[in-house]
Amino acid sequence: MSYAPEVRERLERDAKEIIGRYPKSRSALLPLLHLVQSEDGYVSDDGHEFCAEMLGLSKAEVVGVSTFYTMYKRKPAGDYHVGVCINALCAVMGGDEIWEELSQHTGVGHDETTPDGKVSLERLECNAACDFAPVMMVNWEFFDNQTPESAKQLVDDLRDGKDVRPTRGPKRLCTFKEASRVLAGLPDDLAGEGPSAAGASLEGLKVAKANGWKAPEA
Amino acid sequence: MSTTLTPVLTASWDRPDSFTIDGYGPYEAAKKALGMDPDAVIQAVKDSGLRGRGGAGFPTGMKWGFIPQGDGKPHYLVVNADESEPGTCKDIPLMMANPHSLVEGVIITSYAIRANHAFIYVRGEVLHVIRRLHAAVREAYEKGYLGTDIFGSGYDLELVVHSGAGAYICGEETALLDSLEGFRGQPRLKPPFPAVAGLYASPTVVNNVESVASVPSIIANGADWFAGMGTEKSKGFGIFSLSGHVTRPGQYEAPLGITLRELLDMAGGVREGHQIKFWTPGGSSTPIFTDEHLDVPLDFEAVGAKGSMLGTRALQIFDETTCVVRTVLRWTEFYAHESCGKCTPCREGTYWLKQVLKRLEAGQGTEEDLSTITDIADNILGRSFCALGDGATSPIHSSVKYFREEYLKHFEVGGCPFDPKKSTVWGDR
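Definitions and limits used
Residue positions are given per chain, counting from 1 as you read along its sequence in written order. All chains are assigned letters beginning at A, and all ligands numbers beginning at 1, according to the order in which they are written. For this predicted model, a pLDDT threshold of at least 70 governs which residues receive local features, and a threshold of 80 or more governs which side-chain atom pairs are given and counted, while totals over whole chains, interfaces and linings are taken from all residues. To get the side-chain values, all heavy atoms of the structure are used, and hydrogens and water are removed first. Put simply, DSSP H or I for four residues or longer makes a helix, DSSP E for two residues or longer makes a strand, and each gets a number counted from the N terminus. Exposed residues in this analysis have more than 50% of their type's maximum accessible area, buried residues have under 20%, and partly exposed residues fall in between, with area computed by a 1.4 Å probe over protein chains only. In this description, contact between two residues means that some pair of their heavy atoms is separated by no more than 4.5 Å. The method behind every accessible area is Shrake-Rupley, applied with a 1.4 Å probe, and residues are considered shielded solely by the protein chains displayed. As used throughout, the charge tally considers Lys and Arg to be positive and Asp and Glu to be negative, leaving His and the chain termini uncounted. By convention, charge coordinates are those of NZ in Lys, CZ in Arg, CG in Asp, or CD in Glu. The rule for pairing is simple: two strands pair if DSSP sees at least two bridges between them. Residues adjacent in sequence count toward polar contacts only when both atoms are side-chain atoms; beyond that, a polar contact is any pair of N or O atoms within 3.5 Å, and within protein one must be able to donate a hydrogen and the other to accept it. Axes here refer to lines fitted to C-alpha atoms; in helices the fit is confined to the stretch in contact. Angles between the N-to-C directions go from 0 to 180 degrees. For classification purposes, an angle smaller than 35 degrees is called roughly parallel, one larger than 145 roughly antiparallel, one from 65 to 115 roughly perpendicular, and anything else oblique. Handedness of each helix crossing follows the sense of rotation of the near helix against the far helix: counterclockwise by less than a right angle gives left-handed, clockwise gives right-handed. Note on residue classes: Ala, Val, Leu, Ile, Met, Phe, Trp, Tyr, Cys and Pro are nonpolar, Asp, Glu, Lys and Arg are charged, and everything else, Gly too, is polar. The split into domains, and so the bounds of each, comes from an automatic or database assignment of domains. For this analysis, a nonpolar core means a set of buried residues of the types Ala, Val, Leu, Ile, Met, Phe, Trp, Tyr and Cys, connected via side-chain atoms within 4.5 Å. By definition, the buried area sums, over both parts, the 1.4 Å-probe accessible area that each loses when the two are put together. Note on definitions: salt bridges are taken to be side-chain nitrogens of Lys or Arg within 4 Å of carboxyl oxygens of Asp or Glu.

A. The overall build of chain A, seen in detail. Of the regular secondary structure elements, chain A holds eight helices and five strands. Along the chain direction, N to C, the helices and strands of chain A fall in the order α-α-α-α-β-α-β-β-β-β-α-α-α. C-alpha extents for chain A along the principal axes are approximately 60 × 55 × 30 Å. The buried share among the 218 residues of chain A stands at 59%. In chain A, the share of contacts with a sequence separation of at least 24, taken over all contacts with a separation of at least 6, comes to 63%. Per element, the accessible surface of chain A, about 8600 Å² overall, is 47% carbon and sulfur. The distance from the centre of the 25 positive side-chain charges to the centre of the 36 negative ones in chain A is 4 Å.

As structure tokens, this is what we get:
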């Protein structure tokens, strides 16, 4: 199987734009893997083949790279890929409990997808939001300060097609495929949505302002 | 007088438009820099005393000075925005709220090292941050701050935002370069250093986000202004990230040399009814500290003198409800998961550390296991290409040093003596 001609044409157009940004074409490999993931919801055999052809690499070279990186999925991810941080600090703050309950609630484990194809789960390593622990991510948007209850509600809402908003992010949640396209370097128009910063990010600044503390004048 | 906060990079974060070019303002520092001799820009950063904010603390201006000039090769700037060290959470909110400080810093840095092509290698798992970076770069192009003949100076610069794909190891600068070249992210043997043979074997500067974002303020306000903050050898300000069992975790921008006691005072202390047990000064790769270290000035020298490292100023606070063995096991599982597999001591060592620690946590270990884990750690430390393996040994050595009794307790009682529910955010409710 390979891509339908109109799909292939569209992917080629995107791929050429991406490749054109780099002094050497092979640098476009990671973005192209994100691009094919935006088409298929995972890096498919066709996806590997496409990247290899576009960059003049062997398929083995492409597979060797894609399998190194955890964000490239080897089987279809759910429309909503849900991660629970289980690195030390989030685990201690409640991430372990969230993971246990969520996994039980959905009936799927790490790197598995619900039968309706809506939600996949992943045990995440640190996602650089430790001041919002315990942290979850959906399609790589932040869901801060979670509890087992909020986590289960979140996944239920996702499966029921209800509106779900990230804590610090746009007003609507992209699908996994749409998110992959942004990662490929083809951004959507949602950058302006959501706060500059929120919650814990602002605690230091609040303390400084309350005390009239500033950096010295030049 | 006690130390106070000095918001510079974080000062605008409470403005709803801080991430837009209108909210940030014209790139006055870049304009000023492009009117200077590139070597004078390097000198200003050297004079400021700015040291790398990504953990290692190498003097930034000196790094730039290592780039050979007049060598006929293209030069590159690569911003390391692959923030993934457990506990570290400063660059991500910085790029979300204030991406233009980074883009302006990229222009100044690239000009100083004579690079016409720069990259921001950002970890892939932060979608909205990536959108903000793309938008900031696009705005800068539209204003003519990127592209050709910037500010009429004749200087050209292209800037590409490049998303990673989930690999902690790509925060290591040479692994990052391999990844950016389209390979598996595995570290290179140094030398040659990136300054000589970096991206595409050309002279390359790899700098952390916060380092580069600090540069416009140095150019705008002067090296003396920056050097007036901080301590003798650790100058300037930095973002301190408080997380864990703290009343108000968050980002606190302060001069280097502030203490955890001072920061905890500002953050409302350890969560109510509890006491600090252990903490990391700069992420999981820096040996843990305890309550005896609350007054250690958080600068490169003082933290080093007490046997740890300033790292990324990622202050993860754990109170007395936390099991140190469990915490160390989880960090160790992280290192085993993220080891790229290139060097045997790190690949095999982290794997075996994980096995033995699991046994210890389950209360099925023996006192001999403590010698085994420290022995394994000794055989990883300094024996791999990069610092990932070294980092994996930090929690092992430091936890056995400060909490040997707690390890012993596990096999005395035949299990973990702690209730994990008590350490959760809702454990007290």
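B. Focus on the sheet that holds strand β5 (residues 141-143) of chain A. Residue and element names in this part refer to chain A. Taking strand neighbours across the sheet as the criterion, the five strands line up as β2-β3-β1-β4-β5 in an open arrangement whose pairing is mixed. Strand pairing shows two members of the sheet lacking a second neighbour, β2 (112-113) and β5, which therefore form its edges. Sheet topology places strand β1 (residues 80-85) next to strand β3 (residues 119-124); six bridges connect them, and they run parallel. Of the residues in β3, the one forming a bridge with C85 is L124.

C. Local environment of unusual backbone geometry. Put simply, B:K190 and B:P191 share a cis peptide bond, and its omega is -5°. Summarising the element assignment, B:P191 is placed in the loop between α8 (173-180) and β5 (204-208). The omega angle of the peptide bond from B:P191 to B:P192 is 0°, so this bond is cis rather than trans. Here B:P192 shows up in the loop between α8 and β5. One non-glycine residue, A:A128, lies in positive phi territory at about 60°. The backbone of B:R313 shows a phi angle near 55°, a positive value even though the residue is not glycine. Positionally, B:R313 belongs in the loop between α12 (300-305) and β10 (314-319).

D. Fine view of the environment of B:D295. Residues and elements named next belong to chain B. Residue position: D295 is located in the loop between β9 (289-290) and α12. Between the alpha carbons of D295 and I258 there is a distance of 8.7 Å; along the sequence they are 37 residues apart. Contacts of D295, omitting those with residues within four sequence positions, involve T259 and R261. Here R261 takes part through its side chain, which lies 2.7 Å from a polar atom of the side chain of D295.

E. Structural context of the packing of helix α1 (residues 5-19) of chain A against helix α2 (residues 29-40) of chain A. All names here are of chain A. Two elements in contact, α1 and α2, have axes separated by 10 Å at closest approach and are oriented at 155°. Overall, the two elements α1 and α2 adopt an arrangement that is roughly antiparallel. Crossing hand, α1 versus α2: right-handed. Taken together, the residues of α2 that come into contact with α1 (itself represented by V7, R10, L11, D14, A15, I18 and I19) are P31, L32, L35 and E39. Among the residues making up the contact of α1 with α2, the classes are represented as eight nonpolar, no polar and three charged.

F. Examining the sheet that holds β5(B) more closely. All names here are of chain B. Overall, mixed pairing links the five strands, which are arranged β3-β4-β2-β1-β5 in an open sheet. If you trace the sheet from one side to the other, it starts and ends with β3 (147-150) and β5, each paired once. Going from strand to strand, the sheet's axes swing by 25° on average, the running direction of each strand aside. The sheet contact formed by β3 and strand β4 (residues 155-163) spans two bridges and is antiparallel. Looking at the pairing, I150 lines up with Y155 of β4. Strands β2 (117-122), β3 and β4 of the sheet are contacted by helix α7 (residues 127-142), whose axis makes an angle of about 165° with β4.

G. Seen up close, the domain arrangement of chain A. What the domain assignment reports for chain A is domain 1 (5-66) and domain 2 (80-174). Placing the centre of domain 1 of chain A and that of domain 2 of chain A at their C-alpha centroids yields a distance of 29 Å.

H. Geometry of the side chain of A:Q146. Mapped onto the fold, A:Q146 is located in the loop between β5 and α6 (148-159). The exposure class assigned to A:Q146 is buried, which follows from its relative accessible area of 8%. Residues contacting A:Q146, with those up to four places away along its chain left out, are A:I98, A:P134, A:M136, A:A151, A:L154 and B:W426.

I. Local environment of the nonpolar core. One finds A:L32 and B:I373 to be the most contacted residues of the largest nonpolar core, which totals 167 residues. The leading source of residues in this core is helix α6 (residues 99-113) of chain B, at eight residues. Residue contacts for B:I373: discarding those within four places in its chain leaves B:L353, B:V356, B:L357, B:L360, B:I396, B:V400 and B:Y407. With 28 residues, the next largest nonpolar core counts A:V207, B:Y252, B:A254 and B:L256 among its residues.

J. Seen up close, the interface of chain A and chain B. In this assembly, 80 residues from chain A lie in contact with 89 residues from chain B. Where chain A abuts chain B, roughly 6600 Å² becomes buried across the two surfaces, and 63% of that area is made up of carbon and sulfur atoms. Contact with chain B buries surface across chain A, with A:F68, A:V92 and A:S196 losing the most and accounting together for 11% of the total. Here chain A is connected to chain B by six salt bridges.

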